[in-house]
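What the coordinates show
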Amino acid sequence: MTLSDKRILIAVSGGIAAYKIHFLIRQFIKSGAEVQVIMTPDAENFVTKLSFSTLSKKPVYTEFYNENGTWNSHVELALWADAIIMAPCTANTLAKMTHGICDNLVIATYMSAKCPVFVAPAMDLDMYQHPSTQQNLELVEEYGHIIIPAENGELASGLVGQGRMAEPETIFQTVENYFGKPCTKSLEGKTVLITAGPTYEAIDPVRFIGNHSSGKMGYSLAEEAAERGAKVILVSGPSALQSKHENIDLHRVTSAKEMLAKVFEFYEAIDIGIASAAVADYAPKDIAVEKIKKNEDTFSIEMVKNPDILKTMGDQKKHQFLVGFALETQNEEENAKGKLKKKNLDMIVLNSLRDEGAGFKNDTNKIKIFTKTEKKEFSLKSKDDVAKDILDCVETQLLK
Ligand code: PMT
């Protein structure tokens, strides 16, 4: 049990998302943590103390108490906690946190705390975007608290936008990751090859055709696989990122053809291949030896198809477990499933440029994973956490 020695204090304020806290309490209890819930008086308009205390197996407090004849219940609670989770954290509670308006047990406890504080805001989209909320979020981040951003989606008001409290699963995982999952070295003995970043296809000595890939997704996968004990071969197109992990063997390439050649230096010996690179589908037929001069008003480049690296890996697959990515802008699921089949893959990770915060350059991604028989959907997360989800799925499939 991952959090078996941890004391988690959940501070609930008055918002509709309070109903989700039932699931959060269950998850912490299941992971072996001790859970104490406190609420603002307003939270009682949305949820009952009885249901929270039944799940947490402890009394739930909304007021200062003096069970042992003292007045300082807030200090006692704050010092008891290994982590405080402000969820849902309304605009009002957030503002009180940043301005020290200590008019209820939740804020008094929060202000007495020395432990890490996680903040999961929840409110309507305009309240979330309001400069006061955004400034307050920046302030609590400056205090060193960990913000679990609100998600996009349908809100209780009927409007659609960012403001939904992060799912209980996301909040739980953020806390679990903070305290560090026990390191299992679950990929020890495996060799994992990962392609990352863009490819650049030269036009002349100074110009190229490229794309917006930063390499972040692939490098996060490489770090996570290495942390799990795998020997990692990271074949990266041009990227500013570095890797210093002792288990990662980094090979830098420029074009798709170079990436193909590097991948096939190692292909026979790998157990798992993950293709997160954004490989150019076409390259200029000829590369000009000298810099092309701007003599003409129009100018065209004849392009020829690049090798499909992943399809070649799929065609030559023996024992390897192959994971592809699909970066789509329309008919996302259909296209991803088509690539899974066409490239003879075991798994495909779909990210859509229609999802805010997903795809290129961002530090976050939002994915769906497909195998031949299953589909799994994930919320918007950091690329490091997305890498964990992908490798968890790979490990589950390998165990089947
Ligand atoms: O690097 P970041 O900024 O973090 O961004 C991450 C990402 C958006 C690049 C990444 O998450 C992603 O989606 N990578 C795949 C991008 C892509 O090229 O998708 P695709 O649907 O065009 O290709 C399908 C699959 O075939 C991919 O696994 C790709 O690596 C592979 N492919 C494609 C063309 C080609 N010639 N050779 C290939 O191997």
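Further up the page is the structure itself.
Parameters and conventions
- Residues numbered from 1 in each chain as written.
- Predicted model: local features only at pLDDT ≥ 70, side-chain atom pairs only at ≥ 80, totals over all residues.
- Heavy atoms only, no water.
- Helix = DSSP H or I, 4+ residues; strand = E, 2+ residues; numbered from the N terminus.
- Buried < 20%, exposed > 50% of the residue type's maximum accessible area, 1.4 Å probe, protein only.
- Contact = heavy atoms within 4.5 Å.
- Areas by Shrake-Rupley, 256 points an atom, 1.4 Å probe, with all protein chains shown as cover.
- Lys, Arg positive; Asp, Glu negative; His and termini not counted.
- Charge placed at Lys NZ, Arg CZ, Asp CG, Glu CD.
- Pairing = 2+ DSSP bridges.
- Axes fitted to C-alpha atoms, helices over the stretch in contact; angles between N-to-C directions.
- Right-handed = clockwise from strand over helix to strand, strands pointing away.
- Phe/Tyr/Trp six-rings, centres within 6.5 Å; stacked < 30°, edge-to-face > 60°.
- Lys NZ or Arg CZ within 6 Å of the ring centre and 35° of its normal.
- Salt bridge = Lys/Arg side-chain N within 4 Å of Asp/Glu carboxyl O.
- Disulfide = S-S within 2.5 Å.
- Arc of directions from axis to C-beta.
- Near = heavy atom within 4 Å.
- Polar contact = N/O pair within 3.5 Å; in protein donor to acceptor, adjacent residues only side chain to side chain.
- Patch = residues over 30% accessible without salt bridge, like charges linked within 9 Å, V, L, I, M, F, W, Y side chains within 5 Å.

For the protein, the count of helices and strands is 13 helices and 21 strands. With respect to the principal axes defined by its C-alpha atoms, the protein has extents near 85 × 55 × 35 Å. Across the 400 residues in the protein, those meeting the buried criterion constitute 49%. Put simply, of all contacts in the protein between residues at least 6 apart along the chain, 66% involve residues at least 24 apart. Counting every atom, the protein has about 19,700 Å² of accessible surface; 51% of that belongs to carbon and sulfur. Of the side chains in the protein, 46 bear a positive and 54 a negative charge, and the two mean positions are spaced by 4 Å.

What follows deals with the sheet that holds strand 3 (residues 83-89). Here we have 5 strands laid out as an open sheet, ordered 2-1-3-4-5, and parallel in their pairing. Only two strands of the sheet have a single partner each, and these edge strands are strand 2 (34-39) and strand 5 (146-147). Relative to strand 5, strand 4 (residues 117-121) runs parallel, the two being bridged by 2 bridges. Across the sheet, the residue bridging to V119 is I147, located in strand 5. The strands that helix 1 (residues 21-30) touches are strand 1 (7-12), strand 2 and strand 3; relative to strand 1, the one it contacts most, it runs at about 175°.

So, on to the pairing of strand 16 (residues 321-328). For strand 16, a buried count of 7 out of 8 residues is recorded, marking the element as mostly surrounded by other parts of the structure. Relative to strand 16, strand 13 (residues 272-275) runs parallel, the two being bridged by 4 bridges. Each bridged residue has a counterpart across the sheet, and for I274 the counterpart in strand 16 is V323. Where strand 16 and strand 17 (residues 347-352) come together, 6 bridges link them in parallel fashion. Residue pairing for strand 17: F325 is matched across the bridge by V349. The handedness of the strand 16 to strand 17 crossover, carried by helix 12 (residues 332-342), is right-handed.

Another aspect to go through is the packing of aromatic side chains. By the definition in use, this model includes 5 aromatic pairs. Between Y178 and F179 the ring centres are 5.2 Å apart and the planes differ by 90°, which places this aromatic pair in the edge-to-face class. One aromatic cluster in this structure is built from F118, Y178 and F179. Just above the ring of F179 sits the side chain of K6; from NZ or CZ to the centre is 5.0 Å.

We now examine the pattern of salt bridges. What the rule picks out here adds up to 21 salt bridges. Linking E34 and K58 is a salt bridge whose minimum nitrogen-to-oxygen distance equals 2.9 Å. Within this pair, whereas E34 is found in strand 2, its partner K58 is found in the loop between helix 2 (49-56) and helix 3 (73-80), the two being separated by 24 residues in sequence. Taking the relative accessible area as the measure of exposure, E34 reaches 35% and is therefore partly exposed. Close ionic contact of R228 with D392 constitutes a salt bridge, the shortest N to O distance being 2.9 Å. With a gap of 164 residues between them, R228 in the loop between helix 9 (216-227) and strand 11 (231-236) and D392 in helix 13 (residues 383-399) connect regions that are remote in the sequence.

We now examine the state of the cysteines. For the structure on display, the rule yields 0 disulfides. Not part of a disulfide, C89 finds its nearest cysteine sulfur in C102, a span of 14 Å. The exposure class assigned to C89 is buried, which follows from its relative accessible area of 0%.

On to helix 10 (residues 256-266), then. Residues of helix 10 that are buried include every one of A256, M259, V263 and F266, and no others. End-on, the buried residues of helix 10 take up no more than an arc of 85°, which puts them together on one face. Within helix 10, the exposed residues directed more than 90 degrees away from the buried face are K257 and E265. Residues of helix 10 that are buried in the fold lie against strand 8 (191-196), strand 9 (201-202), strand 11, strand 12 (248-252) and helix 11 (309-315).

Below, the discussion takes up the site of the ligand. If you check the shell around the ligand, you find 29 residues, and the closest are S213, S214, A277, K339 and N351. The side chain of S214 places a nitrogen or oxygen atom 2.6 Å from an oxygen atom of the ligand. A distance of 3.3 Å separates an oxygen atom of the ligand from a polar backbone atom of K216. Starting from 770 Å² of accessible surface for the ligand in isolation, the protein chains cover 95%. Of the residues forming the shell around the ligand, the biggest block, 5 residues, is contributed by strand 16.

Together, I16, Y19, F23 and F46 make up a nonpolar patch on the protein surface, roughly 430 Å² of accessible area in all. Judged by its relative accessible area of 40%, F46 is partly exposed.

Here we take up unusual backbone geometry. A cis amide bond links A87 with the next residue in sequence, P88, at an omega value of -10°. Tracing the sequence through the fold places P88 in strand 3. Of note, K57 is a non-glycine position whose phi angle comes to about 65°, a positive value. Among the structural elements, K57 can be located in the loop between helix 2 and helix 3. The exposed category is assigned to K57, whose relative accessible area is 64%.

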